[in-house]
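Observations on chain architecture
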Amino acid sequence: GTSGARFGTSDDAEQVSRNPLSLVPSVPRISRVGDHFSCGVTVTAADPTFSEEVTLSVLASGGLALTSAGSQTVSVDGSRPREVTFNFSAASMARADLVFAVAASETSDALSASVPVLSPQQEIFVATSMPITASEAGTPWTEGLALPKATPGSGSLDLIAGVGYLPAVRAISSALVAPEPCEDRTRYCSSMSVVNSLAALPVLEEYLGEADEAARAAADVFGSSLTLLEEMTDGSGLRSSLRVPQRRSIDLPLTAWALEVLSDAERRPLSAVTAAQTASASRLRVQWTAALSEALAQEVDTSRQNGYPFRGYDAVARVRLSLGVADLPGLDADATSLTSMERLVAAAKDGTCGSYCSAATALILLRESPADRDALKLLTDLANQLRATGRTAYLAHDGSAHAQGMSVQALVARGSLLCADRSPIPLLLLQKLANYIAQGGAQWGPGVVGGGGGGGSAGVARIFALAEYDVHVGSDTPDVNFTASSGPVRLLHGRFTPASREALASSTSWQALDSPPAPLVFWARGSGQINVAAGLRFVPTDPPPGPVYRGLLVEMAIRLVVSGNPSGPPLRSCHLGSVVAVTIQVTSPDDIGSSVRVEGWLPAGLEPLDPNVGEGGGGSDGCDDPGPWPPVYAGRRRTSLWRGGWWFCPLWERQTMVDKVTWHSAHGMRAGTVTLSFEAVAVTSGVFVRPPAQALIEMQPEVMGFSAGGLFEVSRTTLTAEQMALPVTPPPIDCPGDGCSGNGVCDVVSGACVCSGDFVGDDCAEASAPLALDILSATGEGAAEG
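Residues numbered from 1 in each chain as written. Predicted model: local features only at pLDDT ≥ 70, side-chain atom pairs only at ≥ 80, totals over all residues. Heavy atoms only, no water.

On to the state of the cysteines, then. A complete count under the given rule lists 4 disulfides for this structure. The disulfide partner of Cys353 is Cys357, and the gap between their sulfur atoms is 2.2 Å. An S-S torsion of about -65° defines the bridge between Cys353 and Cys357 as left-handed. With relative accessibility at 0%, the residue Cys357 sits in the buried group. Between the sulfur atoms of Cys755 and its disulfide partner Cys764 the distance amounts to 2.0 Å. Around the S-S axis, the bridge from Cys755 to Cys764 shows a dihedral of about -95° and counts as left-handed. Assessed through its relative accessible area of 26%, Cys755 is described here as partly exposed. (Disulfide = S-S within 2.5 Å. Buried < 20%, exposed > 50% of the residue type's maximum accessible area, 1.4 Å probe, protein only.)

As structure tokens, then:
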């Protein structure tokens, strides 16, 4: 049978009826508010010789209202079943109970059926987020609050407030200090994992102090890791494993990374480190520094012997991240000149080296001087590639929408923190970049190869950036009283301290707010930065007449299936019994590195075909096959594929339900368009609400899009092709700012932006919040009580 709302299978069974007349219901499995349709029962006479006029009647209660006569007299004979229908309209969201009865001269029968009446479309979540830096006098922030037209009882105002990135740092650090098979010398033990485990202690101790259990565990791992790294180090620098013999050449990236992690630990005051461990770290620093100098000398010699200019500035940047701007030791005059800081800066400015090199060079210079002009120029060039998506922002490759590797994201964030007020990235966007780093960014495609969003060295880069951000805004040791209110209604209140960092959350129905509601006012008194997200959750009264774009563009079309394939123009109506194909296209201007959900909601007169039951119908899973797989990828499916660039196809997991088909991609999607489709059959006649299809980022549901809604007719009578075809709509008009700069809604019919409350301008690029802050801080009213 069926389970819940999902389709299933059942064994064939024979139904035996001893009644002279029997009824079989023919009602839809769902309905939506606003539907007008016909349904009823099929009357069957058990005796083939039966021939008589009978009376059919129906009683409706709950969400359905009867819009035709409640009884009919019809002729029934035993030669064939007779279908009798009544007209209904769906008036309210409630279960509808239908009771059908038949009466003849000497017999009668009755049955009941229920139909759930659902909302005309999906719930919408519209949100904004902002960082609020606390002050001793109390920092205010105001947000306008306008409630849209919504289905009664569906509206709520949701708030969530938190401080700092310690939860993300804890999660990453716990993976970094997880036990490795290093105690058993016969098993493979990666030196990279041992190096990365060094990073957890200084960061956790900075947040929690040495007495914390997680910091103590990290301290134990720190000491054992130093011992292992001394065993793995020889004249060729750091080997990749204990089982790897001494190399002829030096692994420069590995050794440079190890020295960078060690240098970061040495820059932070550590109480849990013993004198013996300090001596061990000093020995490793000397050995790794000598190995890196030798490796650079070899690269210079190789370029000299082969007669081409030295281009190893990515390697120079990696080495100087830990050794700084001074001349590198152990190099001859020519090598010293070629690897000098001046040459590295020149290479970064003229594009000789890549984004990692530029970001690393900027950070090296800013550590020496937060006002360094070359560093600010490099950082500005990188910041020009920043793309905002809801609560997050990321740095894209030059001329592309695809995200840079996590190492670049983290280096730019750290550099921006060092230059503070001179940073080309304003605090609001810097906090969005920190959110992206905390979430892990894109975990597929070239980002993974270049140090993407997962664990390993990318995990270390993430906790370095997040910890430095929290220190910069005072959220490593917060002490903040926070209040959110709307007029007289207090929505959220609490205090954040080092011992109490749990997020605050509330959900308030619209009925509890003033009408019209007063603006939202947030107050933060003390020290630290509060990250606040405010959202309106509601079901609109009417489906949108055109696509709704809030970061994702969604389009849906219903077409006839002819000879197994979709054919003809998009439909506004079809014949009862037709098989149709529903196609949904989702377009994102940005890479999405976290899970995405797509929902294809159906008019109640259509029922989706489940591909797991029977023949199940066709459809697509969002992947366009790029052609034959190269031998190296033989036997694999749905992975990243190199073909003159990255081709990435996420696995879209499909679920088929009575009222909709949903797809979920745990790995997000790349910038561009994905196409998904399924088949459905027209099972009930009438005029039905056609709800829009929806796509959203699950961790940021305010980044979403809807297709156009409307009506869809399933007809029992013959329709012409012109009557069935959906009128052609004009193409969407792009809004300025590449989709309103990610800070508003694009009206694709007019091409105009509707900015969120804290942004203004034709492209929603200009922040309006600082003006509101100045006005409020001048009044000094409404401060939260401590």
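Moving on, we come to the pairing of strand E27 (residues 596-601). Here is the key point about a regular strand: its side chains alternate between the two faces of the sheet. Across the 6 residues that make up E27, a large majority, 5, are buried. In this sheet, strand E33 (residues 660-665) lies alongside E27 in antiparallel orientation, the contact comprising 6 bridges. Within the sheet, the bridge partner assigned to Gly600 lies in E33 and is Val661. Strand direction decides the pairing type here: E27 and strand E36 (residues 694-697), joined by 4 bridges, are antiparallel. What sits directly across from Val596, in E36, is Ile697. (Helix = DSSP H or I, 4+ residues; strand = E, 2+ residues; numbered from the N terminus. Pairing = 2+ DSSP bridges.)

Before going further, it helps to spend a moment on empty space enclosed by the protein. Per the counting criterion, the structure on display carries 5 cavities of 30 Å³ or more. Volume-wise, the largest cavity comes out at about 120 Å³. If you go around the largest cavity, you meet 12 residues; those closest to its centre are Thr392, Tyr436, Gln439, Gly593 and Ser594. Counting only elements with at least two residues in the lining of the largest cavity, the list comes to strand E16 (392-395) and helix H13 (427-439). (1 Å grid on protein atoms, 1.4 Å probe; cavity = no way out; pocket = protein on both sides within 12 Å on 5 of 7 lines; lining within 4 Å. Points joined across faces, edges and corners; volume = space filled by probe spheres on them.)

With that settled, the discussion passes to the pattern of salt bridges. Overall, the coordinates contain 19 salt bridges when judged by the stated rule. With its nearest N and O atoms 3.6 Å apart, the salt bridge here joins Asp264 to Arg414. Taken together, the residues Asp264 in helix H5 (residues 252-267) and Arg414 in helix H12 (residues 406-419) connect sequence positions 150 residues apart. Residue class for Asp264 comes out buried when judged on its relative accessible area of 2%. Close ionic contact of Arg387 with Asp590 constitutes a salt bridge, the shortest N to O distance being 2.4 Å. Here Arg387 is found in strand E15 (residues 386-389), whereas its partner Asp590 is found in the loop between strand E26 (579-588) and E27, with 203 residues between them in sequence. Across this residue pair, the class does not change: Arg387 and Asp590 are buried. Counted as one network, the salt bridges with shared partners bring together Glu123, Asp158 and Arg537. (Salt bridge = Lys/Arg side-chain N within 4 Å of Asp/Glu carboxyl O.)

By the definition in use, this model includes 9 aromatic pairs. Between the aromatic rings of Phe86 and Phe100, the centroid separation amounts to 6.2 Å while the plane-to-plane angle is 40°, which identifies the pairing as tilted. Of this pair, Phe86 sits in strand E7 (residues 82-90) while Phe100 is found in strand E8 (residues 95-103), placing the two residues 14 residues apart along the sequence. Phe100 sits in the buried class, given a relative accessible area of 0%. Across the ring face of Tyr356, the terminal group of Arg318 is positioned such that the distance to the ring centre comes to 4.4 Å. (Phe/Tyr/Trp six-rings, centres within 6.5 Å; stacked < 30°, edge-to-face > 60°. Lys NZ or Arg CZ within 6 Å of the ring centre and 35° of its normal.)

Attention now moves to the packing of helix H7 (residues 313-323) against helix H10 (residues 355-368). Direction vectors running N to C along H7 and H10 enclose 35°, while the axes themselves pass 9 Å from each other. Pair H7 / H10 crosses with left-handed handedness. Of the residues in H10, those touching H7 at Tyr313, Asp314, Ala317, Arg318, Arg320 and Leu321 are Tyr356, Cys357, Ala360, Thr361, Leu363, Ile364 and Arg367. For the contact of H7 with H10, the residue count by class is 8 nonpolar, 1 polar and 4 charged. (Axes fitted to C-alpha atoms, helices over the stretch in contact; angles between N-to-C directions. Left-handed = near helix turned anticlockwise from the far one by under 90°. Contact = heavy atoms within 4.5 Å. Nonpolar A, V, L, I, M, F, W, Y, C, P; charged D, E, K, R; others polar.)

In this section: the sheet that holds strand E21 (residues 529-538). Within the open sheet, the 4 strands sit side by side as E10-E21-E12-E19. Their pairing is antiparallel. Single-partner strands in this sheet number two, and they are strand E10 (124-133) and strand E19 (504-509). In this sheet, neighbouring strand axes are inclined to one another by 15° on average, regardless of whether the strands run parallel or antiparallel. In this fold H13 packs onto E10 and E21, with an angle of close to 115° to the strand it touches most, E10.

It is worth spelling out unusual backbone geometry at this point. A cis amide bond links Ser515 to the next residue, Pro516, at an omega of -5°. One non-glycine residue, Ser563, lies in the positive phi region at around 55°. Examined against the element boundaries, Ser563 turns out to sit in the loop between strand E23 (553-562) and strand E24 (565-567). Residue Ser563 is classed as exposed on the basis of its relative accessible area, which comes to 74%. You will see that Cys764, though not glycine, has its phi angle at about 60°, which is positive.

Another aspect to go through is helix H9 (residues 341-350). Among the residues making up H9, those that are buried are Met341, Leu344, Val345, Ala347 and Ala348. All buried residues of H9 lie within an arc of 160° about the axis, which places them on one face of the element. Opposite the packed face of H9, turned more than 90 degrees from it, sit the exposed residues Glu342 and Asp350. Considering only its buried residues, H9 is in contact with H7, H10 and helix H11 (373-383). Just downstream of H9 lies Gly351, where phi reads positive at about 85°. (Arc of directions from axis to C-beta.)

Spatially, 4 strands are ordered E11-E20-E17-E18 in an open sheet, and the strand pairing comes out antiparallel. Each edge of the sheet is formed by a strand with only one pairing partner; in this case those strands are strand E11 (139-143) and strand E18 (489-496). On average, adjacent strands in this sheet sit at an angle of 10° to one another, irrespective of strand direction.

Position of Leu491 among the secondary structure elements: in strand E18. Classification of Leu491 by relative accessible area gives buried; the value is 9%. C-alpha separation for the pair Leu491 and Leu157, spaced 334 residues apart in sequence, amounts to 9.1 Å.

Quick look at the side chain of Thr389 now. Examined against the element boundaries, Thr389 turns out to sit in strand E15. Of the residues examined, Thr389 reaches a relative accessible area of 9% and is grouped as buried. With residues near it in sequence (within four places) discarded, Thr389 still touches Tyr394, Asp590, Ile697, Gln700 and Val703.

Another point: the confidence of the model for the chain. Taken over all residues, the pLDDT of the chain has a mean of 83, while the share at 70 or more is 86%. Mean pLDDT values over the elements of the chain span from 30, in helix H14 (residues 446-449), up to 96, in strand E35 (residues 685-690). Throughout residues 1-10 the model reports pLDDT below 50, and contacts reaching past four residues in sequence, or to other chains, amount to 20 contacts. Long-range and interchain partners of residues 624-648, a stretch whose pLDDT sits below 50, account for 41 contacts in this model, where long-range means more than four residues apart. (pLDDT = per-residue confidence, 0-100.)

Looking now at H7. Since the α-helix advances by 3.6 residues per turn, residues separated by three or four positions end up pointing in the same direction. Burial of H7 is extensive: 8 of the 11 residues sit out of reach of the surface. Within the span of H7, buried status applies to Tyr313, Ala315, Val316, Ala317, Val319, Arg320, Leu321 and Ser322. Where H7 is buried, its residues contact H5, helix H6 (275-306), helix H8 (333-338), H9, H10 and H12. Just downstream of H7 lies Gly324, where phi reads positive at about 85°.

In this section: the side chain of Gln121. Positionally, Gln121 belongs in the loop between strand E9 (108-118) and E10. If we skip the residues at most four places from it in the chain, Gln121 touches Val539, Pro540, Asp542, Pro543, Pro544, Trp601, Pro691, Pro692 and Phe706.

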